[in-house]
Amino acid sequence: MEEFQIKNSKIIILKGDITEMNTDAIVNSANPSLMGGGGVDGAIHRKGGPKILEECRKIREKEYPNGLPIGHAVITTGGNLKAKYVIHTVGPIWRGGKYEEAKLLYQAYYNSLKIAVSKGIKTIAFPSISTGAYGYPIEEASIIALKAIKEFLEKEDFIEKVFIVLYKDRDYEVYKEVAEKILK
Ligand code: AR6
């Protein structure tokens, strides 16, 4: 575990399973359908139970009939999870880097934090968005993730702790190394 102070908030990088986090909210790396999938999305819906999917269905009906656009975020309760809320966001699919992937990935983090503040959330955990099935190279993605979180916390210090939970050893090592460079 590595901890970095950004004004009055902390960014904490750790290895683990995000579905076990007892933060106020965890972030789901979803797809525009919000109807579940593999990877971290599948794990969150499996452990969180059907209530989360039901709420996602309502969000689709009322707000996003064509799906949640890339870079946007919505919030549901946490169902059976320890976390009270799940924030669902959609990262970009990596297509070589010339299709605004960086900007969209930044927005996914930034908009998740914005919606968290609007709900009074003080502790939140992120997975490494887009770096699994969506193929975003881990090092480039970690730079954007950490920059987005840092820049948000510099402007807005309501959130006390932002956890980044890495599932794989190598991802954890990359995030730690990049964080040493850009958060210190
Ligand atoms: N806790 C933390 N991180 C996890 C967990 C977990 N339990 N499980 C996987 N990861 P991915 P994406 C990591 O593929 O690339 C889904 O089907 C994993 O090691 O889950 O954003 C959605 O429905 C990787 O580093 O998401 C979308 O269709 C990171 O989570 C699509 O995948 C993200 O990998 C989204 O692709």
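No experiment lies behind these values; they were computed from the predicted model shown. Residue positions are counted from 1 within each chain, in the order its sequence is given. Residues qualify for local features only when their pLDDT is at least 70, as the model is predicted, and side-chain atom pairs are given and counted only at 80 or more; totals for whole chains, interfaces and linings, by contrast, use all residues. Side-chain numbers come from the whole structure's heavy atoms, not from hydrogens or water.

Trainee: Quick one: what's the story with the site of the ligand, residue by residue and with numbers?
Mentor: Consider each residue's heavy atoms; a residue with any of them within 4 Å of a molecule or strand counts as near. Taken together, 22 residues lie around the ligand, and Ser 29, Asn 31, Gly 38, Asp 41 and Gly 132 are the ones closest in. Distance and chemistry together define a polar contact, namely a pair of N or O atoms within 3.5 Å, with one atom able to donate a hydrogen and the other to accept it when in protein, and with adjacent residues in sequence counting only for side-chain atoms on both sides. A distance of 2.8 Å separates an oxygen atom of the ligand from a polar backbone atom of Gly 38. Ser 130 is positioned with one of its backbone polar atoms (N or O) 2.8 Å from an oxygen atom of the ligand. Note on areas: these come from Shrake-Rupley sampling with a 1.4 Å probe, and a residue is covered only by the protein chains present in the view. Here the ligand has 700 Å² of accessible area as a free molecule, and 91% of this is covered by the chains. Helix and strand definitions here come from DSSP, where helices need a minimum of 4 consecutive H or I residues and strands a minimum of 2 consecutive E residues; each element is numbered from the N-terminal end. Among the secondary structure elements, those contributing two or more residues to the shell around the ligand are β3 (25-30) and α1 (39-48).

Trainee: Go over the UniProt feature "domain: Macro" (unreviewed entry) in the protein chain, please, and point to the residues and values.
Mentor: UniProt positions are given in the numbering used here, feature names are shortened, and annotations may be inferred rather than shown by experiment. Within the UniProt annotation, "domain: Macro" (unreviewed entry) is assigned to residues 1-183. For residues 1-183, the end-to-end C-alpha separation is 15 Å, with 40% helix and 21% strand making up the annotated structure.

Trainee: So what about helix α4 (residues 138-155)? Which residues, and what values?
Mentor: The end-to-end C-alpha distance of α4, which contains 18 residues, comes to 26 Å, matching closely the 26 Å that a straight helix rising 1.5 Å per residue would cover. Buried residues belonging to α4 abut β1 (2-6), β2 (9-15), α3 (101-118), β6 (123-126), β7 (161-166) and α5 (169-182). The span you would expect from a helix comes to 1.5 Å times its residue count less one. In this analysis, two residues are considered to be in contact whenever any of their non-hydrogen atoms come within 4.5 Å of each other.

Trainee: Give a description of the environment of Pro 137 that names residues and reports values.
Mentor: Within the secondary structure, Pro 137 sits in the loop between β6 and α4. Each C-alpha atom of the pair Pro 137 and Ile 115 lies 26 Å from the other, and the pair is 22 residues apart in sequence.

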